[in-house]
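# Fold and contact review
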Amino acid sequence: MERYNYGMIGLGVMGRNLLYNIADNGFSIAGFDLDGEKVKELQDGATSEMKVKGTGTMEDFVSALETPRKIILMVPAGKPVDAVLESITPLLSTGDIVIDAGNSYFQDTNRRVADLASKNLHFMGMGVSGGEKGARTGPSIMPGGDLEAFHLIQPMLEAISAKVGNEACTAYMGKDSAGNYVKMVHNGIEYAIMQLISEAYDLLKRGANLNNDQLYQVFKEWNNGEMNSFLIEITRDIFQQKDSLTDGYLVDQILDKAGAKGTGKWTSEQAMEIGVSIPTIDIAVTSRILSAYKEERVQASQLYAEKEMVSPENTELFIKEVGDALYLATLISYAQGLALLVKASEEYNFQIPLKDVVKIWRGGCIIRSVLLEKFYSAYTKDPLLSNILLDQDISVIVKDKIKSLRKTAAYAASNGISSLGIQTALGYFDAYTTESLPVNLIQAQRDYFGAHTYQRTDREGVFHTSWQTAND
Ligand code: 6PG
């Protein structure tokens, strides 16, 4: 009986596309899904060159694979992963590898790694970014976990991933659940950049009165220069999409309520948990929550209706400043996410190679951008850089754009255009680059009302004062 190199469980669009991508690269692969219709679709969609087999039962699936078995799961995160593991593990043998390619929570992965290890099986968490199209043509792939198991799948991952030049957008992300963790932070940064782009859009639309054709031109220009990135590129295209149900553009008909599946929230929770400041990512998460209060926002906008909008004097200059502000705020969002990875790597002993993270994010993934080349150079010079804002070459870019960020933030604030991401990126930058923050006063207050003690600037030790109450 012919044995297949790989197996895929979960034949939804992502699973099927990843499977075809693997098959296109010369690996044979069997697929399984509880839904028989999806198994049929898989078989029907395969080309004659592909060595693909759809299987109807878990038993047939497992016995169709060469050993050690290499099984990829592309099923929704959470209970479905546990359900698959429960039914498949009794059928597996020592040394088999199960690779979870969904957006699983990293602590779930740690639990599963331990559980499968007790059965002499390998379990790996692997982030995959790039959406449906990326899965088919070349995603960015973030595997982590057992190094030996990784080496067994590495040639396949390098073959199917996106390429920048001839470099594959995949690398080992570290121990245990590092792959899921890196993907989680990728998504947190994704949330922040999307928030910032939406604010730039609002400023250009309501501030400078640009219509969709003009917005298309602006984003096209941005994408042709230093802001070249996947998210700017798709935003450009969105402004051109006509609506099939009305005469206008589709973007104007879409309700202003954003959904979320949870990875952004996990990123914020994690940052709080291990003590890393990532306010632009936090604000992006909470902005989606705020967007859901549609009815209240309508009510409040009527109650506080007298906002006055002053159009910028020089539209061309304004567009340039908004672009520079977006570029810098985006850079600051990456800085926050990467700083979280640095701390998490220590905290959980993941040993995440930051240089490889930014290297493999340069292609295939949702947050790919030419800016990542600069981060790659920064981490090549100093692999232990705690924050990219500390890199000399990055500081040159920051100094060049900071005035535009300030002017854009000021314009938004004085015209009542909500710009939570832009303001927060600027606020983070200002706090991060301030030698003496006013938190000496917070320490004094804490000691005043709670005897929480404080440290001094002029001598070692921990101090407490019996604070005097003023007489008047
Ligand atoms: C990717 C995306 C992908 C997915 C997110 C979106 O890298 O390909 O990040 O993982 O689109 O889950 O998350 P929300 O639904 O929470 O916006």
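None of these values were measured; they are calculated from a predicted model.

## Description of empty space enclosed by the protein
Empty space among the atoms can be located by rolling a probe the size of a water molecule over them. This structure, assessed with the given rule, holds one cavity of 30 Å³ or more. Each pocket or cavity is described by its volume, and for the largest cavity that value is around 140 Å³. Around the largest cavity, the lining is made up of 16 residues, and of these Met227, Ser229, Ile232, Thr330 and Ser369 lie nearest the centre. If you list the elements that add at least two residues to the lining of the largest cavity, you get α8 (178-207), α10 (230-238) and α14 (315-347). It is α14 that contributes the most residues to the lining of the largest cavity, four residues altogether. Per-class residue counts for the lining of the largest cavity are eleven nonpolar, three polar and two charged.

## Topic: the environment of Ile99
Along the chain, Ile99 falls in strand β5 (residues 97-100). The class for Ile99 is buried, based on a relative accessible area of 1%. Expressed as a C-alpha distance, the spacing of Ile99 and Ala149, which sit 50 residues apart in the sequence, is 9.6 Å. Excluding residues that lie within four positions of it along the chain, Ile99 makes contacts with Ile71, Ile72, Leu73, Met124, Met126 and Ile153.

## Let's talk about the packing of helix α12 (residues 279-291) against helix α18 (residues 420-432)
Running from N to C, α12 and α18 cross one another at 160°; their axes reach a closest spacing of 8 Å. Judged by the angle between their axes, α12 and α18 are roughly antiparallel. When the axes of α12 and α18 are compared, the crossing they make is right-handed. Contacts between α12 and α18 involve Pro279, Thr280, Ile283 and Ser287 on the former and, on the latter, Leu420, Gly421, Thr424, Ala425 and Tyr428. Its residues assigned to classes, the contact of α12 with α18 comprises five nonpolar, four polar and no charged.

## Structural notes on the site of the ligand
Every one of the 14 residues lining the ligand counts as a neighbour, but Ser129, Glu190, Tyr191, Lys261 and Arg288 are closest to it. Gly131 places a main-chain nitrogen or oxygen 3.2 Å from an oxygen atom of the ligand. One nitrogen or oxygen atom from the side chain of Asn187 is found 3.0 Å from an oxygen atom belonging to the ligand. About the coverage of the ligand: the protein hides 80% of its 410 Å² of free accessible area. Because more than half of its atoms lie within 2 Å of the grid, the ligand is assigned to the second largest pocket. The element contributing the most residues to the shell around the ligand is α8, with five residues. Here the residues of the shell around the ligand are counted per class, giving three nonpolar, seven polar and four charged.

## With respect to the sheet that holds strand β4 (residues 70-73)
The strand order across the open sheet built from seven strands is β3-β2-β1-β4-β5-β6-β7, with neighbouring strands paired in mixed fashion. Every interior strand has two partners, whereas the edge strands, β3 (52-55) and β7 (140-143), have only one. For this sheet, the mean angle separating the axes of adjacent strands, direction not counted, is 25°. Relative to β7, strand β6 (residues 122-129) runs antiparallel, the two sharing four bridges.

About the criteria used
Residues numbered from 1 in each chain as written. Predicted model: local features only at pLDDT ≥ 70, side-chain atom pairs only at ≥ 80, totals over all residues. Heavy atoms only, no water. 1 Å grid on protein atoms, 1.4 Å probe; cavity = no way out; pocket = protein on both sides within 12 Å on 5 of 7 lines; lining within 4 Å. Points joined across faces, edges and corners; volume = space filled by probe spheres on them. Helix = DSSP H or I, 4+ residues; strand = E, 2+ residues; numbered from the N terminus. Nonpolar A, V, L, I, M, F, W, Y, C, P; charged D, E, K, R; others polar. Buried < 20%, exposed > 50% of the residue type's maximum accessible area, 1.4 Å probe, protein only. Contact = heavy atoms within 4.5 Å. Axes fitted to C-alpha atoms, helices over the stretch in contact; angles between N-to-C directions. Parallel < 35°, antiparallel > 145°, perpendicular 65-115°, else oblique. Left-handed = near helix turned anticlockwise from the far one by under 90°. Near = heavy atom within 4 Å. Polar contact = N/O pair within 3.5 Å; in protein donor to acceptor, adjacent residues only side chain to side chain. Areas by Shrake-Rupley, 256 points an atom, 1.4 Å probe, with all protein chains shown as cover. Sits in = over half its atoms within 2 Å of the grid points. Pairing = 2+ DSSP bridges.

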